[in-house]
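# Fold and contact review
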Amino acid sequence: MVVNGAKCRCGKVHTCGLKTALVRENAIAELGALAAEYHKIVYVADKNTDAVCGAAVRAQVAEKLAGSIVYPDEGFLVPNESAVERLEAVTPPDADLLLGGGSGVIQDLCKYVSFGRKLPYFVVATAPSMDGYASSGAAMIMGGMKITYAAHVPEVILGDVNVLKDAPMDMIRAGYGDILGKFSCLNDWKLAVTVNGEYFCQEVYDMMYGMLLQVKDLGPELLARKPAAIAALTEALIGAGVAMAYAGNSRPASGSEHHLSHFFEVVGLLRGEPYFLHGIDVAYSAVVTEKLREKLLAKTPTFTPKPFDRAAWEAEIRRVYGTSADGVIALQNRLGWHEQDRTAEYREKWDAICSVLREVPSSDELQRYLDSVELPPERFTAQYGDEKLADAIRCAMDLKDRYSVLWLYNALEG
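So, a few notes on the structure that sits alongside this text. Predicted model, so just to flag it, every value in this text is computed and none were measured.

Definitions and limits used
Residues numbered from 1 in each chain as written. Predicted model: local features only at pLDDT ≥ 70, side-chain atom pairs only at ≥ 80, totals over all residues. Heavy atoms only, no water. 1 Å grid on protein atoms, 1.4 Å probe; cavity = no way out; pocket = protein on both sides within 12 Å on 5 of 7 lines; lining within 4 Å. Points joined across faces, edges and corners; volume = space filled by probe spheres on them. Helix = DSSP H or I, 4+ residues; strand = E, 2+ residues; numbered from the N terminus. Nonpolar A, V, L, I, M, F, W, Y, C, P; charged D, E, K, R; others polar. Pairing = 2+ DSSP bridges. Axes fitted to C-alpha atoms, helices over the stretch in contact; angles between N-to-C directions. Contact = heavy atoms within 4.5 Å. Core = buried A, V, L, I, M, F, W, Y, C linked by side-chain atoms within 4.5 Å. Buried < 20%, exposed > 50% of the residue type's maximum accessible area, 1.4 Å probe, protein only. Parallel < 35°, antiparallel > 145°, perpendicular 65-115°, else oblique. Left-handed = near helix turned anticlockwise from the far one by under 90°.

### A look at the layout of surface pockets
- Volume-wise, the second largest pocket comes out at about 640 Å³.
- As for the second largest pocket, its lining consists of 26 residues, and the residues nearest its centre are F308, H338, M397, N410 and A411.
- Of all the secondary-structure elements, those providing two or more residues to the lining of the second largest pocket are helix 13 (310–321), helix 15 (343–348), helix 18 (377–395) and helix 19 (405–412).
- The leading source of residues in the lining of the second largest pocket is helix 19, at four residues.
- The residue inventory of the lining of the second largest pocket, partitioned by class, reads 12 nonpolar, six polar and eight charged.

### Describing the sheet that holds strand 2 (residues 41–46)
- Spatially, the six strands line up as an open sheet ordered 1-8-5-4-2-3, and their pairing is parallel. Where the open sheet ends on each side, the last strands, each with one partner, are strand 1 (20–24) and strand 3 (65–71). Within this sheet the neighbouring strands show an average axis-to-axis angle of 10°, counted without direction.
- Pairing geometry for strand 2 and strand 4 (residues 97–102), over five bridges, is parallel. By the bridge assignment for strand 4, I41 is matched with L97.
- Across the sheet, helix 3 (residues 81–89) is in contact with strand 2, strand 3 and strand 4; its angle to strand 3 comes to roughly 155°.

### A word on the environment of D281
- Among the structural elements, D281 can be located in helix 12 (residues 278–298).
- Separated by 18 residues in sequence, D281 and F263 have C-alpha atoms that sit 9.8 Å apart.
- Apart from residues no more than four positions distant in its own chain, D281 is found in contact with S261, F264, Y275, F276, F380 and Y384.

### Points about the nonpolar core
- Formed by 124 residues in total, the largest nonpolar core has its most connected members in L87, L191, F263, Y321, Y403 and L408.
- Every residue in contact with Y321, bar those within four places of it in the chain, is listed here: F263, V266, V267, L270, V328, C395, A396 and L399.
- Counting residues in each nonpolar core, the second largest holds 19 residues, with L31, A45, L97 and V124 among its members.

### Some remarks on the environment of D401
- Tracing the backbone through its elements, the reader meets D401 in the loop between helix 18 and helix 19.
- Using a relative accessible area of 44% as the deciding quantity, one classes D401 as partly exposed.
- Spatially, the C-alpha atom of D401 lies 28 Å from that of Y121, the residues being 280 residues apart in sequence.

### Concerning the packing of helix 16 (residues 350–357) against helix 19
- For the pair helix 16 and helix 19, interaxial distance at closest approach is 13 Å and the crossing angle is 130°. As summarised for this structure, helix 16 and helix 19 are arranged oblique, according to the angle between their axes. Helix-helix and strand crossings are classified by hand; for helix 16 and helix 19 the assignment is left-handed. Residues W350, I353 and L357 of helix 16 pack against V405, L408 and L412 of helix 19.
- The residue inventory of the contact of helix 16 with helix 19, partitioned by class, reads six nonpolar, no polar and no charged.

### What to know about the pairing of strand 6 (residues 137–142)
- Counting buried positions along strand 6 gives six out of six residues, so the element sits mostly inside the fold.
- Covered by surrounding structure in strand 6 are G137, A139 and I141 together with A138, M140 and M142, the residues of both alternating faces.

So, in structure tokens, the structure goes:
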């Protein structure tokens, strides 16, 4: 078991700065007492999240509000330079707390700005939609690139089940999908250990896997908005952020399935094309990455080295990423992974690699979990089509500095 602040058998001292996480009915009623030491509070929400929690939040801290922003309803709120500037403009120099009412984008904006200002922040969760509530990374869109900035965790997370259970169903599906994606990312973590010798902590792995097992069969209850299921999902989503803090990176919660999800979001923003909520993309992408594992396991590769054609690769990146291509190319130039020939290593470690790849439930089983929350495969196919999916499988890995099954698949089967 992981103990906050204690030395683990992996050799690290795992820590997480989250002081309080309350997930229960009427949790917002605790906000006033939890924020008692703060006197210049800036409230941050969007039009939708403010409608469901704004009145209750303001009632708890009304006399202490030093600024506020409610982003207008303009489709998906994007955590980009413009959104940051608008939040900075309403945050006075003497503010002592940012208070976000919302889910993914709102908490990323609070995290990013509060870290830059050296301020603490609280989050009042409005949907069990993603696993970033307790993470230390701020997932932003800067310069057209999906970039996760090192930041800090909130001091307090309040998950009022009365609010969370009434979230739009696609947001509940997204949170469930984000947890199901752990089947993929945890396997990528083990794969990276086998191939690259990366740091690994069995205790953190077991912590995240245990939460995944507690949630995976809750689909029908989540569709029925059962409070106990909503609370369990929210606790697992918060726990994923804690696991990332303990590991010191996003390995326990993000892998190839998240890279595909980031691809669909980034390309969608660049081209003005639709994309799903993050967790829904993660859920569908976990099925995709498992199909890649199954293809790799279906036959022994020839392990024939493939010379890297830089000109062809750059042309492909520019075709796919357009105005963001320079950032993608610069990242991979720094890593130098495309120039590395891992063929001999793959041949030598193939039995161990296959042993890791077999640990994930089959793609059919993963799809059955998606079916339990009414996420049929046809919805994914209709949204993206074969060409965009093929581009994602080839190019999503270039968005990140993180080894995953996408690198293995493209080296041996791509």
